[in-house]
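# Summary of the model geometry
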Amino acid sequence: MKRFAIIIALFCLALPVVAKPKAEIKSQWQGARVAYLGDSITDKRQVEKGQNDTYWVYLESLLGIKSYVYGISGHQWSHIPGQTDKLIADHGQDVDAIMIFVGTNDYNASVPLGEWFTEDVVQVEVSGPKGAKSGVIKSRKKRTISMDKNTVRGRINIAMSKLKEIYPTKQIILLTPIHRGDAFLSDRSRQRNELYTNGIGEYVDAYVEAVKEAGNVWAVPVIDLNAICGLYPLAESNGLYWRRPSLGKSEKTGGPRIDRLHPNSAGHLRMARALAYQLLSYPAKLD
């Protein structure tokens, strides 16, 4: 038996040692300075209050990103220019990429979708017949980018116009809103899930589509987190990814409480993993 034990021990020593895989993904995002603009799902106060880690915290580990976080709870597309101002004041041009993750509060606030452009008929000079010394005047339709601050598309145009002017050489990436479950956050804040329309009869899907459309309007990449991150709060089995998945009561008021709107740490990690592999397809630096 002793000889047998020695043989087994020698055999085990001969086996290769397998190191535990590291969490980091070596890529072009290592060390990149990324600014995050958005709402409560991005808000760094989640981390400060110990509620849960966020997707950008996990991206720091997964990709080695350095985070500049400006998301604020409750913010809509109309707040992105203000968040941009804070980014400029803090870091100027010392940023490599900007990610914008916002839109779900525009849906909840029943902000009209609006249009990307207004359109007029104008007189414009175009090419004349062969041999002509000058052009001819023709009527043509012309569109103008809408800057209507009271609509979602107008708000996106205002925000993107500012970012494109200030950061023409920086990577700008849009993230679509994720799926929405019920969120009874307080006695005054009761948000129904995505099976319901908002106050103007629009489903959240229309606000997701607006962000997708913005990619083509403004020539920026869009990562469709709504589709790829796997978070689906309407499924009971998906409760493990949400901050308060089951209906309970507030300890203070006794009112109903549920939160399938804000992901918990597990939900944010799943979002971060989906984002990480999408980001590998895009350069972190354009200048």
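Sequence order as written defines residue numbering, which begins from 1 separately in each chain. In keeping with the predicted nature of the model, local features appear solely for residues at pLDDT of at least 70, side-chain atom pairs appear and are counted solely at 80 or more, and the whole-chain, interface and lining totals rest on all residues. Excluding hydrogens and water, the side-chain values take into account all heavy atoms of the structure.

We now examine the side chain of T54. The secondary structure listing takes helices from DSSP runs of H or I that are at least 4 residues long and strands from runs of E that are at least 2 residues long, numbered from the N terminus. Looking at the element boundaries, T54 is found in the loop between α2 (45–48) and α3 (55–63). Only protein chains enter the calculation, and the probe is 1.4 Å; a residue is then buried if its accessible area is under 20% of its type maximum, exposed if over 50%, and partly exposed in between. Of the residues examined, T54 reaches a relative accessible area of 0% and is grouped as buried. For this analysis, residues touch if any pair of their heavy atoms sits within 4.5 Å. Beyond its immediate chain neighbours, meaning those up to four positions away, T54 contacts I41, D43, Q46, V47 and H268.

Turning our attention to the confidence of the model for the chain. Confidence in the prediction for the chain averages 90 pLDDT; 91% of positions are at 70 or higher. With pLDDT under 50 throughout, residues 1–23 is counted as low confidence; its partners more than four residues away or in other chains account for two contacts. Per-residue confidence from the prediction method is given by pLDDT, with values spanning 0 to 100.

What follows is about helix α4 (residues 80–91). Expected span, for any helix, means 1.5 Å times one less than how many residues it has. Here α4 spans 16 Å end to end across 12 residues, near enough to the 16 Å set by a 1.5 Å rise per residue. Among the residues of α4, I80, P81, Q83, T84 and L87 are the ones counted as buried. Take α4 and look down its axis: the buried residues cluster within an arc of 155°, on one side only. Residues A89 and D90 are exposed on α4 and point more than 90 degrees away from its buried face. Residues of α4 that are buried make contact with β1 (33–38), β2 (66–69), β3 (97–101) and α6 (152–166). Positive backbone phi, approximately 55°, marks G92, located one or two places after α4. Comment: arc refers to directions from the helix axis out to C-beta atoms.

Here we take up the sheet that holds strand β9 (residues 222–223). By way of backbone hydrogen bonds, the strands of a sheet pair with one another, either parallel or antiparallel. The criterion for strand pairing is that DSSP finds at least two bridges linking the strands in question. Read from one edge to the other, the open sheet built from five strands follows the order β2-β1-β3-β6-β9, with strand pairing classed as parallel. Looking at strand neighbours, the two that pair on one side only are β2 and β9, the edges of this open sheet. Examined bridge by bridge, β3 and strand β6 (residues 171–175) share five bridges and lie parallel to one another. Counterpart to I100 in the pairing with β6 is L174. Across the sheet, helix α7 (residues 204–218) is in contact with β6 and β9; its angle to β6 comes to roughly 155°. Axes here mean lines fitted to C-alpha atoms, for a helix over just the part in contact, with angles spanning 0 to 180 degrees between N-to-C directions.

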